[in-house]
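# Tertiary structure, described
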Amino acid sequence: MKEQSIRSFPGIPALLLLLLLSALAVYLFATNLPGTGGSVAAVVSSLVIAVVVVFALAGFYMVEPNQAAVLSLFGKYVGTVKDQGLRWNNPFFSAKKISLRVRNFESGKLKVNELEGSPIEIAAVIVWQVVDSAEAVYNVDDYESFVHVQSEAAVRAMATSYPYDQHEDGAIALRSHATEVSKHLTDEIQERLAQAGVHVMEARISHLAYAPEIAQAMLQRQQAGAIIAARTRIVEGAVSMVEMALEQLSARKVVELDPERRAQMVSNLLVVLCSERGTQPVVNSGSVY
């Protein structure tokens, strides 16, 4: 079922024409009343005109900006009218109004397990718009409910595809890669809503947190990871500085160091550098651990 346009008639001229026909019917009836010698045919004509006018009034409908009227004839789809204002079509047509405006909603907080199995709470904001009125009306029972249910299902599916935090370089995580995750979520929702004539303009995470029962443990884990990363950076910097110092001493021939004195100097430099930065290496028999 695909949307197809249908021609509609401007409502104002059609309304004026019906008013003229109504006035004609009243005139014919008033001037040809029974008992006044008037024509019976004129009276019948006035009654027929009146019935036609009343029946034609059922063909009027309003179309607001960014709205479409889906017309059907005895259950068969006829076409869609997007012309604004008062419109007129066959009175036998039934019109169903569909909003084409951009809409958005925020899903409820969903509790799901991320890729590594940890329970998290996640919610998303989805911006969407109806682009095919025929599909929205006839392909699904209630397109608004369909959008909400399928969007939440897509959020659940997306959340299980990524870990909460990035543990490896280059890996995509929910917390650190908002752009990539949003694109994946948008594509996931669009795939589910394509048959409903809906275009997903944007989908992004609005709430992301560990579930309350593990939030404290995960906070401690993050703090421990931050401490380890900081100490690793300090040690890497200290080793680089020692290496640079030895290279400078060797290049300038300031002092000749045998392997034993070289190891002792490395140990002393590392002790000094790491202790200044809060990380103390373990020195054992001239080796640093």
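Only a predicted model underlies this, so the values are computations on that prediction, with no experimental measurement involved.

Turning our attention to the overall build of the chain. If you tally the helices and strands in the chain, you get 7 helices and 12 strands. Counting across all 289 residues of the chain, residues that qualify as buried make up 34%. The long-range share in the chain, meaning contacts at least 24 apart out of those at least 6 apart in sequence, stands at 65%. Of the roughly 17200 Å² of accessible surface on the chain, 57% is carried by carbon and sulfur atoms.

For the rest of this paragraph, the subject is the confidence of the model for the chain. Here the chain shows a mean pLDDT of 83. Residues at 70 or above account for 84%. Below pLDDT 50 for its whole length, residues 280-289 participates in 18 contacts with residues either more than four positions away or in separate chains.

Another point: helix α1 (residues 11-31). Because an α-helix packs 3.6 residues into every turn, residues spaced three or four apart end up facing the same way. With 21 residues, α1 ought to run about 30 Å at 1.5 Å a step, and its terminal C-alpha atoms sit 30 Å apart, in line with that. Within α1 the residues assigned to the buried category are Gly11, Ala14, Leu18, Ala25 and Leu28. Angular distribution of buried residues about the axis of α1 spans 110°; they occupy a single face of the element. Opposite the packed face of α1, turned more than 90 degrees from it, sit the exposed residues Ile12, Leu16, Leu19, Leu20, Val26 and Tyr27. Tucked inside the fold, the buried residues of α1 contact β1 (9-10), α2 (40-56), β2 (60-63) and β5 (85-88).

Attention shifts here to the pattern of salt bridges. This model, assessed by the stated rule, comprises 9 salt bridges. Notably, a salt bridge pairs Arg87 with Asp83, separated by 3.7 Å at the nearest N-O pair. A relative accessible area of 11% means that Arg87 is categorised as buried. By relative accessible area, Asp83 is classed as partly exposed at 38%.

Before going further, it helps to examine the environment of Ala124. Locating Ala124 in the fold gives a position in strand β9 (residues 119-130). Residue Ala124 is classed as buried on the basis of its relative accessible area of 0%. Taking C-alpha positions, Ala124 is 7.2 Å from Val155, a pair spaced 31 residues apart along the chain. Each residue touching Ala124, except ones within four places of it in the same chain, is listed here: Phe105, Glu106, Ser107, Val155, Leu185, Arg204, Ile205 and Ser206.

Rules used in this analysis
- Residues numbered from 1 in each chain as written.
- Predicted model: local features only at pLDDT ≥ 70, side-chain atom pairs only at ≥ 80, totals over all residues.
- Heavy atoms only, no water.
- Helix = DSSP H or I, 4+ residues; strand = E, 2+ residues; numbered from the N terminus.
- Buried < 20%, exposed > 50% of the residue type's maximum accessible area, 1.4 Å probe, protein only.
- Contact = heavy atoms within 4.5 Å.
- Areas by Shrake-Rupley, 256 points an atom, 1.4 Å probe, with all protein chains shown as cover.
- pLDDT = per-residue confidence, 0-100.
- Expected span 1.5 Å × (residues − 1).
- Arc of directions from axis to C-beta.
- Salt bridge = Lys/Arg side-chain N within 4 Å of Asp/Glu carboxyl O.

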